[in-house]
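# Descriptive analysis of the structure
In case you want the letters, here they are:
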Amino acid sequence: MITLTIEDKQIEHIFLDEFHSNKEKFFEFIKLSFDGFKSQSVDEDLSYLEDEIQKGFDSGMCKQSHDEIFDELIKKYASN
């Protein structure tokens, strides 16, 4: 059981007017949206990390290549 207090007027409008106060449909929408969000997060483009990786590689402190580092990041963060 859950008690929901909606303090955001836009969310309140969505619940009352778009879902006609139907809690089951509203929660089903939230679950489906969250599932889509999780799937999207797995497929997220990690290229924004490329500059940081390149800085580390250019520093000479790392013995791995750029591709090796990026492959490790993909395995660690994109496979979950």
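Residues numbered from 1 in each chain as written. Predicted model: local features only at pLDDT ≥ 70, side-chain atom pairs only at ≥ 80, totals over all residues. Heavy atoms only, no water.

### A word on helix α4 (residues 66-78)
Helical geometry note: an α-helix holds 3.6 residues per turn, so side chains three or four residues apart project in the same direction. Here α4 is 13 residues long and its end C-alpha atoms lie 17 Å apart, about the 18 Å a rise of 1.5 Å per residue gives. Along α4, the residues classified as buried are H66, I69, F70, L73 and A78. Mapping the buried residues of α4 onto a view down its axis gives an arc of 120 degrees, with all of them on the same face. For α4, exposure combined with an orientation more than 90 degrees from the buried face picks out D67, K75 and K76. (Helix = DSSP H or I, 4+ residues; strand = E, 2+ residues; numbered from the N terminus. Expected span 1.5 Å × (residues − 1). Buried < 20%, exposed > 50% of the residue type's maximum accessible area, 1.4 Å probe, protein only. Arc of directions from axis to C-beta.)

### Some remarks on a negative patch on the surface
Together, D67, E68, D71 and E72 line one region of the surface with negative charge. Mapped onto the elements of the fold, E68 is located in helix α4. Exposure remark for E68: the relative accessible area of 43% places this residue in the partly exposed category. (Patch = residues over 30% accessible without salt bridge, like charges linked within 9 Å, V, L, I, M, F, W, Y side chains within 5 Å. Areas by Shrake-Rupley, 256 points an atom, 1.4 Å probe, with all protein chains shown as cover. Salt bridge = Lys/Arg side-chain N within 4 Å of Asp/Glu carboxyl O. Lys, Arg positive; Asp, Glu negative; His and termini not counted. Charge placed at Lys NZ, Arg CZ, Asp CG, Glu CD.)

### What to know about the packing of aromatic side chains
Counted according to the given criterion, the structure contains four aromatic pairs. Here the aromatic rings of F15 and F26 are separated by 5.0 Å at their centres, their planes lie at 70 degrees, and the arrangement is edge-to-face. In this pair, F15 sits in helix α1 (residues 9-18) while F26 sits in helix α2 (residues 23-42), placing the two residues 11 residues apart along the sequence. The buried category is assigned to F26, whose relative accessible area is 7%. Clustering of aromatic rings is evident, with ring pairs tying together F15, F19, F26, F27 and F29. (Phe/Tyr/Trp six-rings, centres within 6.5 Å; stacked < 30°, edge-to-face > 60°.)

### Description of the pattern of salt bridges
What the rule picks out here adds up to two salt bridges. For K9, the salt bridge goes to E12, with nearest N and O atoms at 3.5 Å. One end of the pair, K9, and the other, E12, are both in helix α1, three residues apart, so they sit about a helical turn from each other. In this structure, the salt-bridge partner of E28 is K31, at a minimum N-O distance of 3.5 Å. Pair noted here: E28 and K31 are both in helix α2, with a separation of three residues, about one helical turn.

### A few points about the packing of helix α3 (residues 50-58) against α4
Any two packed helices are characterised by the angle at which their axes cross and by the distance between the axes. Orientation of α3 relative to α4, taken along the N-to-C sense of each, is 135 degrees, at an axis distance of 10 Å. Overall, the two elements α3 and α4 adopt an arrangement that is oblique. As for how α3 packs across α4, the hand of that crossing is right-handed. Residues E50, I53, Q54 and F57 of α3 lie in contact with α4, whose contacting residues are H66, I69, F70 and L73. The residue inventory of the contact of α3 with α4, partitioned by class, reads five nonpolar, two polar and one charged. (Axes fitted to C-alpha atoms, helices over the stretch in contact; angles between N-to-C directions. Parallel < 35°, antiparallel > 145°, perpendicular 65-115°, else oblique. Left-handed = near helix turned anticlockwise from the far one by under 90°. Contact = heavy atoms within 4.5 Å. Nonpolar A, V, L, I, M, F, W, Y, C, P; charged D, E, K, R; others polar.)

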